[in-house]
Amino acid sequence: MKIQDVTGCSFPVWYDKFKKCSIKSLVMPLTPEVLTYLQDDGTLVLPEGSQPEMTYERGPMPEEPAQDWDHCETSGSVVEGPKLEDFTNKIRDAIAKLGGSVFPKLNWSAPKDASWIAFNNSLRCSTPGDVFLLLKSSSFVTHDLTAPFKDCDDSSEGDSHVDYCLVLRKWMDINPAYEFRCFVRDKELVGISQRDVSQSYSCIGGDHNNIRSDIISFWRENIENRFPLQSYVFDVYRPAKDRVLLLDFNPFGETTDSLLFSWSEMRQSEDEGQGLSRIIEDEISDMRIEDTEDSNMLHYNERNLTDSNRQTPPRDALPEFRFISDATGVQPSPYIHYGLPVDIRDLSTGQDPHKLIDFLQMKIQNEADESSEDEEVPS
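These remarks concern the structure in this document. (Residues numbered from 1 in each chain as written. Predicted model: local features only at pLDDT ≥ 70, side-chain atom pairs only at ≥ 80, totals over all residues. Heavy atoms only, no water.)

**Regarding the packing of helix α4 (residues 85-97) against helix α5 (residues 128-136)**
Then comes step 1: For the pair α4 and α5, the least separation of the axes is 9 Å and the interaxial angle reads 110 degrees. Here α4 lies roughly perpendicular to α5, going by the angle between them. On α5, the residues that touch F87, T88, I91, R92 and I95 of α4 are P128, V131 and F132.
Then comes step 2: Residue composition of the contact of α4 with α5, by class: 6 nonpolar, 1 polar and 1 charged. (Axes fitted to C-alpha atoms, helices over the stretch in contact; angles between N-to-C directions. Helix = DSSP H or I, 4+ residues; strand = E, 2+ residues; numbered from the N terminus. Parallel < 35°, antiparallel > 145°, perpendicular 65-115°, else oblique. Contact = heavy atoms within 4.5 Å. Nonpolar A, V, L, I, M, F, W, Y, C, P; charged D, E, K, R; others polar.)

In structure tokens, the structure reads:
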């Protein structure tokens with residue numbers, strides 16, 4: 001994966017060309033002040049004026065002795081938020097233009113890992129404060145801002161300058177059962193995966209042939225000869241037959257979640273043997289195709305995915321479609337651990353062995369103290 005593969009998937013680069021088949025969005029370049037605020041890993045304080053002031057109606061109160069509140073002492077220090085009034089007003093205007101609710105992201109990543117901190121546990125934002133809160137709390141956004149080319153082979157050679165932007169997308173209630181990630185390798189659509197791997201959706205299995213057909217048609221008509229990269233990943237939303245919406249483009253490499261595939265098999269060249277041979281949903285046996293001609297065509301297409309002699313894939317070659325057919329195949333949500341304290345995460349994953357050693361020593365000491373207390377005989 002090269003730097004140009006990452007920059008080619010930056011939202012401001014591709015949106016104008018594909019906006020007719022995507023969600024209405026507004027792009028705002030980040031000012032130096034906003035960029036500095038987002039990169040600051042200090043106290044999480046929202047910019048002044050980013051949230052509406054809360055007003056409360058007070059009922060009649062019993063008479064109390066008059067107090068001079070101006071002279072009351074307060075303990076501790078009050079941290080004031082940064083003054084980003086101009087940019088905050090731009091966000092507020094953009095939210096109004098997009099119908100009152102938006103989905104925020106930067107050039108590449110959305111703060112999906114930070115939904116736990118929002119009051120509604122959602123990425124739906126209706127105020128500038130909602131947007132700032134998610135962006136400041138997201139590790140995905142931090143990755144965009146600090147190391148977007150970390151997995152690139154030429155990260156030490158190429159130009160790493162990025163014109164960062166805030167992207168606000170018109171809010172849509174999207175059913176995760178109809179989100180799919182599609183993999184294009186060397187201009188060939190080779191794989192389609194269920195996007196939400198933490199659930200099993202029965203609606204996919206019964207309609208997977210139509211889903212794949214619609215996605216292939218959408219790719220050929222809207223993306224195949226228009227997107228400049230040779231290899232890339234794109235996400236789509238397919239809520240109904242013959243209706244597909246482009247959600248995003250992603251680099252073809254480890255920085256992108258491969259979901260039900262692995263990057264080793266995705267990169268495996270066809271002359272290395274097996275290609276994409278594993279079918280999670282075991283679609284051939286599940287389909288029980290009665291028509292011999294259709295069955296032969298399906299096997300023909302599967303063989304063509306691994307044929308090392310062909311140079312140009314036939315137009316009727318089918319990409320492999322992977323989905324979870326029952327609950328035994330579900331995987332843990334990739335975002336759930338982001339809401340846990342860092343110490344807990346480090347202990348559970350073993351990322352910080354010193355914390356594990358300290359924890360075990362503390363556990364041993366506590367057990368020793370309890371044992372000594374039990375052995376004491378009262379006089």
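**Some remarks on a positive patch on the surface**
Then comes step 1: Side chains of K17, K19, K20 and R226 sit close together on the surface and give a patch of like positive charge.
Then comes step 2: By the secondary structure assignment, R226 is in the loop between α8 (208-222) and β6 (232-240).
Then comes step 3: Exposure remark for R226: the relative accessible area of 34% places this residue in the partly exposed category. (Patch = residues over 30% accessible without salt bridge, like charges linked within 9 Å, V, L, I, M, F, W, Y side chains within 5 Å. Areas by Shrake-Rupley, 256 points an atom, 1.4 Å probe, with all protein chains shown as cover. Salt bridge = Lys/Arg side-chain N within 4 Å of Asp/Glu carboxyl O. Lys, Arg positive; Asp, Glu negative; His and termini not counted. Charge placed at Lys NZ, Arg CZ, Asp CG, Glu CD. Buried < 20%, exposed > 50% of the residue type's maximum accessible area, 1.4 Å probe, protein only.)

**Topic: the pairing of strand β7 (residues 243-250)**
Then comes step 1: With 6 of 8 residues buried, β7 lies mostly within the body of the structure.
Then comes step 2: Pairing between β6 and β7: 6 bridges, direction antiparallel. Bridge pairing links V233 to N250 in β7.
Then comes step 3: Counted between consecutive antiparallel strands, the loop separating β6 from β7 contains 2 residues, among which D242 sits at a positive phi close to 65 degrees. (Pairing = 2+ DSSP bridges.)

**Quick look at the sheet that holds strand β5 (residues 188-194)**
Then comes step 1: Spatially, 5 strands are ordered β7-β6-β4-β5-β8 in an open sheet, and the strand pairing comes out mixed. The open sheet has two free edges, formed respectively by β7 and β8 (320-322), since each of these has just one partner strand. Strand-to-strand twist in this sheet, taken as the mean axis angle between neighbours without regard to direction, amounts to 25 degrees.
Then comes step 2: Here β5 pairs with β8 via 3 bridges, running parallel. Directly across from I192, in β8, lies its bridge partner F321.
Then comes step 3: Against the sheet, α8 makes contact with β4 (179-185), β5, β6, β7 and β8, and its axis sits at roughly 125 degrees relative to β6, the strand it touches most.

**Regarding unusual backbone geometry**
Then comes step 1: With phi around 50 degrees, D186 is a residue other than glycine that occupies positive phi space.
Then comes step 2: Structurally, D186 can be placed in the loop between β4 and β5.
Then comes step 3: Within the chain, K187 stands out as a residue other than glycine whose phi angle is a positive 70 degrees.
Then comes step 4: Considering the arrangement of structural elements, one finds K187 in the loop between β4 and β5.

**Some words on the pattern of salt bridges**
Then comes step 1: Scanning all chains against the criterion turns up 8 salt bridges.
Then comes step 2: The salt bridge partner of D248 is K105, with a shortest N-O separation of 2.6 Å. Note that D248 is positioned in strand β7 and K105 in strand β2 (residues 102-105), a separation of 143 residues in sequence. Grouping residues by exposure puts D248 and K105 together as buried.
Then comes step 3: One salt bridge in this structure joins D235 and R195, with 3.7 Å as the shortest N-O distance. Taken as a pair, D235 in strand β6 and R195 in the loop between β5 and α7 (202-205) lie far apart in primary sequence, 40 residues in all.
Then comes step 4: Several salt bridges converge on common partners, so that one network encompasses R181, R195 and D235.

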